[in-house]
Amino acid sequence: MSYRIVRPDEVASLIPDGATVASDGFTMMSVADEIYLNVEKSFLETSHPCDLTWVHAAGQSNRVDGLARISHPGLVSRVIGPHWGLNPPMAKMLGADEVECVCLPQGQISTLYRTIAAGRPGQLSTVGLGTFVDPRLDGGRLNAKTRANVGATEYVEVMMVDGREYLFYKSFPIDVAIIRGTRIDTEGNLSQEDDPTILDSLAIAQAVHNNNGIVICQVKEIVEAGKIGARDVKVPGVLIDAVMVCSDPATYHRQTNGYPEVTMDLITGRFTAEKAAEMLSANELDDKRASIGQRGTQLVKAGDIINLGTGIPGDTVGPALAESGLLAEVTLTVESGTYGGVPLGGVDFGCALHPQALIPHPNQFDFYNGGGCDITFMGVGQIDPIGNVNVSAFAGQAVGCGGFMDIVDGARRICFLMSASSRHPKWVDEVDHLTFNGKAALLKGQEVYVCTEYYTLQLTEDGWSVVEVDDTDEAGAALAHAAVN
């Protein structure tokens, strides 16, 4: 046996004070929640481990569990991540300036793990140019505490290659990996057959191993050597140093938040587009919300590869496509690596019922970054007259950009979906935080739209132009004209 078996109450002692820790997961998928629980417990009882820099490539919480458990100043001194929308305790802590916060795009962190593992100094990308991630603005620093520590928090710089600007995302050493699997054999080979996505565990483990760090894994069970087929091994045994067997998988090792026990509907069992359409059509949406998705799908073309963001896009676009009969002619994808099926939302965002295919998280972002997405549907926090959008910081809370920047950077068409009659006004004179640069998108030749329950707008060099408006609704028509004037 090449690894050490540890009890839940021993696992926190493996993490040195001041270490940089990287953890795998997406919402509550692949989250080693019992490890987080015991790290929190150890800190509250002994003040150790402490002063950690915690890195994560996706949100890993259901508002209460997952990374919400480590949201204690002192336990962490810096967080490097993309999104805290489903982690209010951490969003509040970061927004209140209690801990340093560096927000980098989800796809850049995911692919950076591979870059770090390979010993490269960093990676070039156009993702984030002209936004708060650009070092000429904030360099990803999301609060005043981080901005004051400029030298220690420089993770991005601008570089010119063949006369073109790029952002250079810098590599950094990682000391501890926290990953999760279904089974591990006595030689340390790890499988993940119960997980509905293929995330970053291999790259994280390689990055930490090559830095002479420690790789800690939470599993459901240990099996004899040879019980896991070579093709089913997701992380080879040479990379894993310590294993903790979960004491209560239904609580601390959920398949997803809404599916604590394993259901193969999230992994296999592909069904027809007709069946998917039937399930999506059964979604109960109020008429106003449903009309937003219906208006947005008027921009969809047969053969499109579509990305769905969380919120209104994830809730409304699939049902609207099913209702229109277009679902069989397009492919729905989610940033975690799912293709087809019925994408789930809320705290189960990132997986789908009966997907056609699952690919690894970083490979999905390679595809998006390279222009593989024909149209993406995204939500909106704030939007201004020149096409800038904020989805990342509001009212003292660090929400983060998630995969938003990576996806909109490469998509051919971008459609922002929002309610024109939201209780939180969407249209502002100037966005509070620059997550999307409308001018930069137009210079790249992208088409940018806004769809609401009343109107469709398109971004032009002169600002927003009305494409379509429901003139039968006087209030809606007034909102459309107010938006462009």
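Structure: above.
Here's what I pulled together on the structure shown here. (Residues numbered from 1 in each chain as written. Predicted model: local features only at pLDDT ≥ 70, side-chain atom pairs only at ≥ 80, totals over all residues. Heavy atoms only, no water.)

1. Observations concerning the overall build of the chain
For clarity, the threshold we go by: Secondary structure elements follow DSSP: runs of H or I of four or more residues count as helices, runs of E of two or more count as strands, with numbering from the N terminus. In this treatment the radius of gyration is a C-alpha quantity, and the globule benchmark scales as 2.2 Å times the residue count to the 0.38 power. The buried label goes to any residue with under 20% of its type's maximum accessible area, the exposed label to any with over 50%, and the partly exposed label to all in between, with areas taken from a 1.4 Å probe on protein chains only.
Helix and strand counts for the chain stand at 13 helices and 30 strands. In terms of overall size, the chain behaves like a compact globule, its C-alpha atoms giving a radius of gyration of 22 Å where 485 residues would be expected to give roughly 23 Å. By its C-alpha atoms, the chain is 70 × 55 × 45 Å across when sized along the principal axes. Burial status across the chain gives 58% buried among its 485 residues.

2. Quick look at helix H10 (residues 361-369)
Put simply, the test is: Note that the arc is computed from the directions linking the helix axis to the C-beta atoms. Working rule for contacts: check all heavy atoms of both residues, and any pair within 4.5 Å makes them a contact.
All of the buried residues along H10 are His 361, Pro 362, Gln 364, Phe 365 and Tyr 368. Buried residues along H10 cover an arc of 155° about the axis, so they all sit on one side. The inward-facing, buried residues of H10 abut helix H3 (106-117), strand S16 (305-308), strand S17 (331-334), strand S18 (338-339) and helix H11 (404-410). Looking one or two places after H10, you find Gly 371, whose phi comes out positive at around 100°.

3. Considering the layout of surface pockets
Our working rule: Points on a 1 Å grid, built from protein atoms alone, make a cavity when a 1.4 Å probe fits but cannot get out and make a pocket when they are open with protein on both sides within 12 Å along at least 5 of 7 lines; residues with an atom within 4 Å of a point are the lining residues. Grid points are joined across faces, edges and corners, and a volume is the space filled by probe spheres set on the points. For this scheme, ten residues count as nonpolar: Ala, Val, Leu, Ile, Met, Phe, Trp, Tyr, Cys and Pro. Four count as charged, namely Asp, Glu, Lys and Arg, and the remainder, Gly too, count as polar.
Roughly 300 Å³ of internal volume is contained in the second largest pocket. Lining the second largest pocket are 19 residues, and of these Leu 129, Asp 409, Ala 440, Ala 441 and Lys 444 lie nearest its centre. Secondary-structure elements contributing two or more residues to the lining of the second largest pocket are strand S8 (164-170), H11 and helix H12 (438-443). Taken together, the residues that form the lining of the second largest pocket break down as eight nonpolar, six polar and five charged.

4. Observations concerning the packing of aromatic side chains
Filter applied, for reference: Any pair of Phe, Tyr and Trp rings, taking the six-membered ring for Trp, is counted once the centres come within 6.5 Å. Such a pair is stacked with planes under 30 degrees apart, edge-to-face with planes over 60 apart, and tilted for the rest.
Summed over the entire model, instances satisfying the criterion amount to nine aromatic pairs. Where Tyr 155 meets Phe 172, the ring centres are 5.4 Å apart and the plane angle is 85°; that geometry is what we call edge-to-face. Taken together, the positions of Tyr 155 in the loop between helix H4 (144-147) and strand S7 (156-161) and Phe 172 in the loop between S8 and strand S9 (176-180) put the pair 17 residues apart, joining distant regions of the chain. For Tyr 155, a relative accessible area of 10% corresponds to the buried category. Their ring planes at 45° and their centres at 6.3 Å tell us that Phe 367 and Tyr 368 sit as a pair that is tilted. For Phe 367, a relative accessible area of 29% translates into the label partly exposed. Since its relative accessible area comes to 0%, Tyr 368 is described here as buried. Each residue in the set Phe 365, Phe 367 and Tyr 368 is aromatic and connected to the rest through ring pairs, giving one cluster.

5. Quick notes on the pattern of salt bridges
To be explicit about the condition: Should a side-chain nitrogen of Lys or Arg be within 4 Å of a carboxyl oxygen of Asp or Glu, the pair is scored as a salt bridge.
According to the stated counting rule, one finds 19 salt bridges in the structure shown. Measuring nitrogen to oxygen at the nearest pair gives 2.7 Å for the salt bridge that ties Arg 136 to Glu 165. Here Arg 136, found in the loop between strand S6 (122-125) and H4, pairs with Glu 165, found in strand S8; they are 29 residues apart in sequence, far enough to count as distant. For Glu 165, a relative accessible area of 31% corresponds to the partly exposed category. One salt bridge connects Asp 409 with Lys 444, and the closest N-O pair in it is separated by 2.8 Å.

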